[in-house]
Amino acid sequence: MLSDIENMENEELHFMYPQKPEAELQNAYYVLKMLSNPLIVSFSSHLALFALRMHLPIGFAIKHTIFKHFCGGETLKESQGAIEKLGQSGIGTTLDYSVESMDSEAFFDSTMHEILDAIVHVKENPLVNNLAIKPTGLVSESLLQKTSRGNALSAGEKARFVAGVGRIDQICKAGAEMGIEVYIDAEGSEDQDAIDEIALAMMKKYNTEIALVFTTLQMYRTDRLAYLDTLVAKAQKESFKVGVKLVRGAYWERESAKGKNIVFERKSDTDDAFNKALDSCVGHIDHIAICNATHNEESTRYLTEIMREKGIAKNDHRIHFSQLYGMSDHISYTLASEGYNVTKYLPYGKVKQVIPYLIRRAQENSSIAGQMSREMAMIAEARRSAKQSRNT
Ligand SMILES: Cc1cc2nc3c(=O)[nH]c(=O)nc-3n(C[C@H](O)[C@H](O)[C@H](O)COP(=O)(O)OP(=O)(O)OC[C@H]3O[C@@H](n4cnc5c(N)ncnc54)[C@H](O)[C@@H]3O)c2cc1C
């Protein structure tokens, strides 16, 4: 009995920061240090948006600091170095063409073509696992909102909406034909009902044998556990697999300010809902594939524990973990070294177009001081021990 408990304790994950070259550690340390100051983050975010509007040449400075930390490159080719480095440590890549959305059909078409090229890249590159799409990069956000509200669309709007859904369909179809997973990102609650419907239609169409299309559930939302139950019931009744990427949700401040009880007000309630969703997914693993997309150590550990309790192999193809590139490397590298399926979401795109993504990351990092100071302490320790071993 005692030895059982000891064995279980030994199997608990201990997160370790990976070994990296000094220049990389130094850049990571200074970027995170800068982001730990909310005043600097707020000032630089305004400055970057202003410079972007005024067409000022700030690309170079951004590309060699914060962009380098959070993005693979401006193109798929430029991202190859990051992909290979992750691959050497057993970490896969989720490609994320992460450009700012514009409400123009030409923009949506070019995004779709970029993503179709990326699917071919995933197919040809064994180190890249799958890709993510942002619905507002492919369909007009105002039409997603109108549809979500249940408002009637004019004939012209309807045609544009159908074309947008068609773009997502083309991407999911190409993914399904090549056996590549497509993660459909979740966005603001005013867009989400329409996105849910589109994602459900794609899962019914392409997830007949295994989950290749994944919807995203933001567990800070008060209605998502019930929605997960509905998805499971539909999958059982209509014989398709649910693919679900679980996240806490990136827009908490904005959603909470609406004062409509859309999101939980206490972080602990979001944490509870997240872990209950993990329980439910693992409980229905014959109908669901999961991507546990989080930087939270407890939620990561929790899933590994329930997998162990249920006797699910670490590399079971239905369970993945994922972190954003440039964040929580201690989690990704530890999971990979323990044999779990893990990827990094790797954004790429022109520096100017990726700035809104970078600002979101900067703001998120400045609001999670506890986790970030732990990450900075780990980087500082990694630099210290690398220096020591160089000196001996
Ligand atoms: C691979 C990957 C893919 C992602 N894809 C998406 C996506 O498609 N859509 C999306 O919206 N986000 C996405 N995110 C971001 C994600 O939603 C979170 O914002 C981010 O990961 C931080 O949450 P956490 O679980 O990592 O960690 P934690 O640091 O433990 O949690 C922070 C989160 O808790 C929640 N929170 C904070 N304060 C409160 C409060 N007072 N009450 C209730 N809840 C609170 C917020 O959601 C906040 O982001 C993704 C993240 C990853 C790693």
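This text follows the structure it describes.
As the structure is a prediction and not an experimental result, all values here were calculated from the model. (Residues numbered from 1 in each chain as written. Predicted model: local features only at pLDDT ≥ 70, side-chain atom pairs only at ≥ 80, totals over all residues. Heavy atoms only, no water.)

S.K.: Is there a simple way to explain the packing of aromatic side chains in this structure?
M.R.: Remark: the centre distance and the inter-plane angle together describe each pair of aromatic rings, the angle taken between the planes. A full pass over the atoms with the stated rule returns five aromatic pairs. Taken together, a centroid distance of 5.9 Å and an interplanar angle of 65° make the contact between Phe 107 and Phe 108 edge-to-face. Both residues of the pair, Phe 107 and Phe 108, belong to the buried class. For the ring pair Tyr 183 and Phe 214, a centre distance of 4.8 Å and an interplane angle of 65° mean the geometry is edge-to-face. One end of the pair, Tyr 183, is in strand β3 (residues 181–184); the other, Phe 214, is in strand β4 (residues 213–218), and 31 residues separate them in sequence. With relative accessibility at 0%, the residue Tyr 183 sits in the buried group. (Phe/Tyr/Trp six-rings, centres within 6.5 Å; stacked < 30°, edge-to-face > 60°. Buried < 20%, exposed > 50% of the residue type's maximum accessible area, 1.4 Å probe, protein only. Helix = DSSP H or I, 4+ residues; strand = E, 2+ residues; numbered from the N terminus.)

S.K.: Could you clarify how one ought to interpret the layout of surface pockets in this entry?
M.R.: The gaps left among the atoms become clear once a water-sized probe is rolled over them. Approximately 580 Å³ is the volume attributed to the second largest pocket. By residue number, the principal contributor to the lining of the second largest pocket is helix α6 (residues 76–88), which donates six residues. Residue composition of the lining of the second largest pocket, grouped by class: 13 nonpolar, ten polar and eight charged. Mapped onto the domain boundaries, the lining of the second largest pocket takes at least three residues apiece from domain 1 (19–70 + 365–392) and domain 2 (72–348). (1 Å grid on protein atoms, 1.4 Å probe; cavity = no way out; pocket = protein on both sides within 12 Å on 5 of 7 lines; lining within 4 Å. Points joined across faces, edges and corners; volume = space filled by probe spheres on them. Nonpolar A, V, L, I, M, F, W, Y, C, P; charged D, E, K, R; others polar. Domains from an automatic or database assignment.)

S.K.: Could you clarify how one ought to interpret the site of the ligand in this entry?
M.R.: Of all residues adjacent to the ligand, which total 28 residues, the nearest are Gly 249, Thr 270, Thr 294, His 295 and Asn 296. Measuring from an oxygen atom of the ligand, one finds a side-chain N or O atom of Lys 267 at 2.9 Å. When the free accessible area of the ligand is taken as 930 Å², the share hidden by the protein chains comes to 89%. Per-element tally for the shell around the ligand: the top contributor is strand β7 (residues 319–324), with three residues. Residues that form the shell around the ligand fall into these classes: eleven nonpolar, ten polar and seven charged. (Near = heavy atom within 4 Å. Polar contact = N/O pair within 3.5 Å; in protein donor to acceptor, adjacent residues only side chain to side chain. Areas by Shrake-Rupley, 256 points an atom, 1.4 Å probe, with all protein chains shown as cover.)

S.K.: Just to check I follow, could you spell out empty space enclosed by the protein for this structure?
M.R.: Evaluation of the coordinates by the stated rule reveals two cavities of 30 Å³ or more. Of the volumes computed, that of the largest cavity is approximately 60 Å³. Residue lining of the largest cavity: Tyr 97, Val 99, Ser 101, Thr 111, Ile 115, Ile 133, Lys 134, Gly 137 and Leu 138, and that is the complete set. Tallied by class, the residues present in the lining of the largest cavity amount to five nonpolar, three polar and one charged. As a volume, the second largest cavity reaches approximately 30 Å³.

S.K.: Can you walk me through the pairing of β3 in this structure?
M.R.: One face of the sheet, then the other: side chains in a regular strand alternate in exactly this way. Of the two faces of β3, both are covered, the one formed by Glu 181 and Tyr 183 as well as the one formed by Val 182 and Ile 184. Pairing of strand β2 (residues 128–133) with β3, which is carried by four bridges, proceeds in the parallel orientation. Looking at β3, one finds that Leu 131 is bridged to Val 182. In terms of strand pairing, β3 meets β4 through two bridges, oriented parallel. Along β4, the bridge assignment pairs Val 182 with Val 213. (Pairing = 2+ DSSP bridges.)

S.K.: Help me understand helix α14 (residues 297–309), please; the structure alone is not making it clear to me.
M.R.: Residues that lie three or four places apart on an α-helix share one face, since the helix turns once every 3.6 residues. Between its first and last C-alpha atoms α14 spans 18 Å; for 13 residues at 1.5 Å apiece the expected length is 18 Å, and the two agree. For α14, the capping residue at the N-terminal end is Asn 296, with a side-chain oxygen 2.8 Å from the backbone nitrogen of Glu 298. (Expected span 1.5 Å × (residues − 1).)

S.K.: Could you clarify how one ought to interpret helix α8 (residues 141–149) in this entry?
M.R.: Restricting attention to buried positions, one finds in α8 the residues Leu 143, Leu 144 and Ser 148. Across the axial projection of α8, the buried residues extend over an arc of 135°, all falling on one side. The elements touched by buried residues of α8 are α9 (155–178) and α10 (189–206). Taken from the residues just after α8, Gly 150 is the one with a positive phi, measuring 85°. (Arc of directions from axis to C-beta. Contact = heavy atoms within 4.5 Å.)

S.K.: Looking at this structure, I do not really get unusual backbone geometry. What am I missing?
M.R.: As a rule of thumb, non-glycine residues mostly have phi less than zero, and peptide bonds are mostly trans rather than cis. Its identity as a non-glycine residue notwithstanding, Asn 261 has a phi of 60°, on the positive side. With a phi angle near 50°, Ser 328 is a residue other than glycine that sits in the positive phi range.

S.K.: Got a minute to help me understand the sheet that holds β3 in this structure?
M.R.: Within a sheet, adjacent strands bond to each other through the backbone by hydrogen bonds, running parallel or antiparallel. Strand order in this closed barrel of eight strands is β1-β2-β3-β4-β5-β6-β7-β8, and the pairing throughout is parallel. Strand after strand, the sheet turns through a mean of 30° between neighbouring axes, direction not considered. With four bridges connecting them, β7 and strand β8 (residues 342–348) associate as parallel partners. Across the sheet, residue Leu 324 finds its bridge partner in β8, namely Tyr 345. (Axes fitted to C-alpha atoms, helices over the stretch in contact; angles between N-to-C directions.)

S.K.: What is the right way to read the side chain of Asn 296 from this model?
M.R.: Mapped onto the secondary structure, Asn 296 falls in the loop between β6 (288–293) and α14. Among the polar contacts made by the side chain of Asn 296, one reaches the main-chain amide nitrogen of Ser 299 at a distance of 2.9 Å. Once you skip the residues sitting within four places of it in the chain, Asn 296 turns out to touch Arg 248, Lys 267, Asp 271 and Ile 331.

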